[in-house]
There are 2 protein chains.
Amino acid sequence: MADDRRVLLTGASGFIGRHAVAPLLECGYEVHAVARQPADVGDVVWHTADLLSPGGVESLLERSHPTNLVHLAWCAEPGTYGSDPENLDWAAATLHLVRRFGERGGGRAVLAGTCAEYDWSVGGPYSEASTPVAPRTLYATAKDAVRRVVEAFAPQSGLGAAWARIFHVYGPFEPATKLVPSTVLALLREKPAALSAGGQVFDFVHVADVGSALAAVLDSAVEGSVNIGSGTGTSVRTVATTIGELMGRSELLRFGAMGEDRPPSPPVVADVRRLTEEVGWTTARMLGEGLAESVEWWRSADVAASA
Amino acid sequence: MADDRRVLLTGASGFIGRHAVAPLLECGYEVHAVARQPADVGDVVWHTADLLSPGGVESLLERSHPTNLVHLAWCAEPGTYGSDPENLDWAAATLHLVRRFGERGGGRAVLAGTCAEYDWSVGGPYSEASTPVAPRTLYATAKDAVRRVVEAFAPQSGLGAAWARIFHVYGPFEPATKLVPSTVLALLREKPAALSAGGQVFDFVHVADVGSALAAVLDSAVEGSVNIGSGTGTSVRTVATTIGELMGRSELLRFGAMGEDRPPSPPVVADVRRLTEEVGWTTARMLGEGLAESVEWWRSADVAASA
């Protein structure tokens, strides 16, 4: 069994990658996990490797000879990834990886796309089949460009390839400057949490659910784009208010302290019919439950950090 | 002067690349020409290098430190380039090259796109500003994908970048299986020239004009897509008939011998207003003149080959 199903998981030490290990193991894969720095991510065969280095992709495939691929590695530095020139290197490395993986007989791949590929000026829910694509950042443009090439390449090469358009992820290991951790950490320290006016609506999905959905997509026969989201839109205000209530410190929330909101865009929400009907994945946490888990995790992490 | 204007020309031994050398020299550039195999292409600094090899791009930029870039290298094997998996490698290498060129202070680049990026189901002339893009092959999809990334990257990185959508090129060094050389060579050998019914209309442009236009685009301030064509549509039948008349062997033309035409698509013709008005390039050969030159070149090449 393990010999037949070896999955290469790139970006394995990242926010989402860490949470993809357990679901892939549960699906019966031998997990070959790779990142630039060593990390303890569970019961995997670990490879420390830089996919951007010359020959890095070939060397890694030689060592892991995977039957399957979950490719999450990409530049993700908070605040700068949208315009990072490294987006070009990750696009290049991804095309290189996909070609070499297919050439070596790789069977099926899931690659991380983004909800930012969609045209955010139209109203949601955003459908893989019918919502126009209009990426606004270099990051989203590079992701979209890779998707176009993979979609043309996969059918002619016998490679199965799904493109996971991931919506707004939160949960353990999220960069601490983002909405959920920054709010939780402020309230844990009994400091005011500076927030926008909170009107923007996103599709918040717990990172453990994203990991589980990625494994399900890999084990499905879905080709092309598939949204990974909860299917439910929630405002920033509701997320922060829920955290405030869970922690009993709602009086520390400062809506509008980050300045006036620009008029909110239409809600950025996933149409999850493909995910639920074609992939058959349904076990998303409710937002309150996922936020409660996150609060506990940050509480533990914060205690550990100050110990 | 030469120190200030060093152009790196990739694909320099290719069909178009060979014809870009003289115009770039005329514009005052020191030409650093690169291809995988050595070739005699004129008064250049030659670099034999494989841009697809690990570290190949970095090494080449280190050796040539160009101020300008004309990037033509890509897979181009007649008959197979449309679906060649190497399209992924060339897309990756191009993104890599553009990023590194920009990072090293490169000023302005012209990259080879293709008229096959356009939606060929709509009528021409095809306009950079208004004709939809709908690539049908892996080749055209990969070109289109790279263009999207470069267009997002260039403005934020201070790089000037033009994307040359090249139409149907003919002339010396064209692969011998293509319309013009195969017809000329058949007639030279007094053999029947097997042709389609000839109804399809393309924008045929002489390769020396393409080389000249590319140099003009490099020296212009045009950003983004610019068509490289004659602006005139000509049917395959007219091209072959003109060759027959030039060679006095029209009776050897066999229209329809390659089977019934599928119903011809709408004419594939460039809107050249951007090229003429913004680049200021106008000196295209008339088709009869270009074909006459081509006939003479193939006659000499054929004599040389049989000598």
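Before going into details, it helps to say that this report is about the structure given with it. (Residues numbered from 1 in each chain as written. Chains lettered and ligands numbered in written order. Predicted model: local features only at pLDDT ≥ 70, side-chain atom pairs only at ≥ 80, totals over all residues. Heavy atoms only, no water.)

Let's talk about the overall build of chain A
Then step 1. Scanning chain A from N- to C-terminus turns up nine helices and 13 strands.
Then step 2. By the compact-globule yardstick of 19 Å for 307 residues, chain A fits well, its C-alpha radius of gyration being 19 Å.
Then step 3. With the principal axes as the frame, chain A shows a C-alpha extent of 60 × 45 × 35 Å.
Then step 4. Of all 307 residues assigned to chain A, the portion counted as buried reaches 54%. (Helix = DSSP H or I, 4+ residues; strand = E, 2+ residues; numbered from the N terminus. Rg over C-alpha atoms; globule rule 2.2 N^0.38 Å. Buried < 20%, exposed > 50% of the residue type's maximum accessible area, 1.4 Å probe, protein only.)

A short note on the sheet that holds strand S6 (residues 160-166) of chain A
Residue and element names in this part refer to chain A.
Then step 1. Strands sit in the order S3-S2-S1-S4-S5-S6-S11 across an open sheet of seven strands; the sheet is parallel. Taken across any chain shown, the strands that pair with only one partner, and hence form the sheet edges, are strand S3 (45-48) and strand S11 (224-228). If you compare each strand with its neighbour and ignore which way they point, the axes differ by 20° on average.
Then step 2. As paired elements, strand S5 (residues 108-114) and S6 share seven bridges and run parallel to each other. Each bridged residue has a counterpart across the sheet, and for alanine 109 the counterpart in S6 is alanine 161.
Then step 3. Docked against the sheet, helix H6 (residues 207-218) engages strand S1 (6-10), strand S4 (68-71), S5, S6 and S11, running at close to 140° with respect to S5. (Pairing = 2+ DSSP bridges. Axes fitted to C-alpha atoms, helices over the stretch in contact; angles between N-to-C directions. Contact = heavy atoms within 4.5 Å.)

Quick look at the pairing of strand S6 (residues 160-166) of chain B
Looking along a regular strand, one sees side chains alternate from face to face of the sheet.
Residues and elements named next belong to chain B.
Then step 1. When you tally the buried positions in S6, you get seven out of seven residues, the bulk of the element.
Then step 2. Side chains Gly160, Ala162, Ala164 and Ile166 project from S6 onto one buried face, and the interleaved Ala161, Trp163 and Arg165 project onto a second face that is buried too.
Then step 3. For the handedness criterion, the β-α-β arrangement of strand S5 (residues 108-114), helix H4 (residues 138-157) and S6 is classed as right-handed.
Then step 4. Pairing between S6 and strand S11 (residues 224-228): five bridges, direction parallel. Bridging from a neighbouring strand, arginine 165 pairs with asparagine 227 of S11. (Right-handed = clockwise from strand over helix to strand, strands pointing away.)

Here we look at the pairing of strand S1 (residues 6-10) of chain B
Residues and elements named next belong to chain B.
Then step 1. When you tally the buried positions in S1, you get five out of five residues, the bulk of the element.
Then step 2. Side-chain alternation along S1 places Arg6, Leu8 and Thr10 on one buried face and Val7 and Leu9 on a second face that is also buried.
Then step 3. Of the pairings in the sheet, the one linking S1 to strand S2 (residues 30-35) comprises five bridges and is parallel in character. When the sheet's bridge partners are listed, leucine 8 is paired in S2 with histidine 32.
Then step 4. Handedness of the S1-helix H1 (residues 17-26)-S2 crossover: right-handed.
Then step 5. In this sheet, strand S4 (residues 68-71) lies alongside S1 in parallel orientation, the contact comprising four bridges.

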